[in-house]
Amino acid sequence: MRIGVLGTGNMADALATHWVRAGHRVTIGGRDVRGARRLAARIGGTATAGGLRAAAEAGEDAVLVALPFGAGAEVVQDLRAALVGKALLDCSNPVGPGFRLLTESGPSAARQLAAAAPGAHVVKAFNLCHEDVWRMRPPVFDGRPLAVPVCGDDETALARARELVRDIGCEPVAGGGLEQAGLLEATAALFITLWVGEGADAQAIAPPLAYATGPAGHR
């Protein structure tokens, strides 16, 4: 695939590194082109760099928005003409001080991106883990690959997102349409509260699948 990455931070670094290793052509874009060039040089391989518009235009198959909540919608709105028809991957988490969900009274971060670039096909993914988890080669725990929920309305965009999830060594999980993205963002806020705020194991709050409907459902 030809993938554009908007942003030069930790998530851009972690995900783009995997995708370059998988053989995709990745263009890193940033407001600071020198920073984008430094990241592309560190990743190596097929990674190239330019400004934000150059990355949006180069991402013929998918564009990752690896920008803080709020900044993403502003950037995407400026680039909306270059994003028409493209899979637009949103990994942001609208979480503020006290682990508060910043979108609780309005549209999800993913919905805000979709409104800013109405011709693009937004997919919510890669938002439930710390960037260093995404750097793992691969993210596998107790022999089980990390499951990555993806939410979106366009099947072609979802198919590309699922392929990019597998390229990291993870397993995609259908999370529903884009209207479900707010649930993923709220889940991230809850997980961060448990992990960081309480030092609790978030995995312990749910039973194994075989017990999802109680002991009677286990065979």
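Residues numbered from 1 in each chain as written. Predicted model: local features only at pLDDT ≥ 70, side-chain atom pairs only at ≥ 80, totals over all residues. Heavy atoms only, no water.

I tried to follow the layout of surface pockets on my own but got confused; where do I start?
Where empty space is left can be seen by rolling a probe of water-molecule size over the atoms. Empty space within the largest pocket amounts to approximately 880 Å³. For the largest pocket, the lining is made up of 26 residues, of which R144, L146, A147, F191 and Q203 are closest to its centre. Only α6 (131-134), β10 (144-145), β11 (147-152) and α8 (181-198) provide two or more residues apiece to the lining of the largest pocket. The volume enclosed by the second largest pocket comes to roughly 500 Å³. (1 Å grid on protein atoms, 1.4 Å probe; cavity = no way out; pocket = protein on both sides within 12 Å on 5 of 7 lines; lining within 4 Å. Points joined across faces, edges and corners; volume = space filled by probe spheres on them. Helix = DSSP H or I, 4+ residues; strand = E, 2+ residues; numbered from the N terminus.)

Is there a simple way to explain the packing of aromatic side chains in this structure?
Two aromatic rings, taken as a pair, are described by how far apart their centres are and by the angle between their planes. Taken as a whole and assessed by the stated rule, the structure comprises 3 aromatic pairs. Each ring, one from F126 and one from W134, has its centre 5.4 Å from the other, and the planes form 80°; the classification is edge-to-face. Aromatic pair F191 and W195: ring centres 5.1 Å apart, planes at 55°, arrangement tilted. With F191 and W195 both in helix α8 and 4 residues apart, the pair spans about one turn of that helix. By relative accessible area, F191 is classed as buried at 18%. Given a relative accessible area of 39%, W195 falls into the partly exposed group. Ring pairs connect the aromatic residues W19, F126 and W134, which therefore count as one cluster. (Phe/Tyr/Trp six-rings, centres within 6.5 Å; stacked < 30°, edge-to-face > 60°. Buried < 20%, exposed > 50% of the residue type's maximum accessible area, 1.4 Å probe, protein only.)

Any chance you could explain the nonpolar core here in plain terms?
Among soluble globular proteins, nonpolar side chains are generally buried collectively. Counting 38 residues, the largest nonpolar core has W19, I28, F126 and W134 as its most contacted members. In this structure W134 touches M11, A14, L15, H18, F126, N127, C129, L146, V148, I168 and C170, once residues within four positions along its chain are discounted. (Core = buried A, V, L, I, M, F, W, Y, C linked by side-chain atoms within 4.5 Å. Contact = heavy atoms within 4.5 Å.)

How do you make sense of the environment of E179 when you look at a structure like this?
Counting through the fold element by element, E179 comes out in the loop between β12 (171-174) and α8. On the basis of relative accessibility, which here comes to 49%, the residue E179 falls in the partly exposed class. Beyond its immediate chain neighbours, meaning those up to four positions away, E179 contacts R111 and D153.

Looking at this structure, I do not really get the pairing of strand β8 (residues 121-124). What am I missing?
A regular strand carries its side chains on alternate faces of the sheet. Pairing analysis gives 4 bridges linking strand β5 (residues 87-90) to β8, with the strands arranged parallel. By the bridge assignment, A87 is partnered in β8 with H121. Two elements, β8 and β11, share 2 bridges in a ladder whose sense is antiparallel. Across the sheet, the residue bridging to K124 is C151, located in β11. (Pairing = 2+ DSSP bridges.)

So what exactly am I meant to see when it comes to helix α4 (residues 71-78) here?
Counting along an α-helix, one turn takes 3.6 residues, and residues three or four places apart therefore face a common direction. Restricting attention to buried positions, one finds in α4 the residues G72, A73, V75 and V76. Within α4, the buried residues cover an arc of 165° as seen down the axis, which keeps them to one side. Turned more than 90 degrees away from the buried face of α4, the exposed residues are E74 and D78. (Arc of directions from axis to C-beta.)

Sorry if this is basic, but what is going on with unusual backbone geometry here?
Keep in mind that most residues, glycine aside, have a negative phi and that most peptide bonds are trans. That bond from R137 to P138 is cis: its omega, -5°, falls within 30 degrees of zero. With respect to the secondary-structure elements, P138 resides in the loop between α6 and β9 (140-141). Within the chain, F99 stands out as a residue other than glycine whose phi angle is a positive 60°. As for its placement among the helices and strands, F99 is situated in the loop between β6 (95-96) and β7 (100-101). A residue is classified by how much of its surface remains accessible, and F99, at 29% relative accessible area, is partly exposed. For F126, which is not glycine, the phi torsion reads 65° and is therefore positive. Looking at the element boundaries, F126 is found in the loop between β8 and α6.

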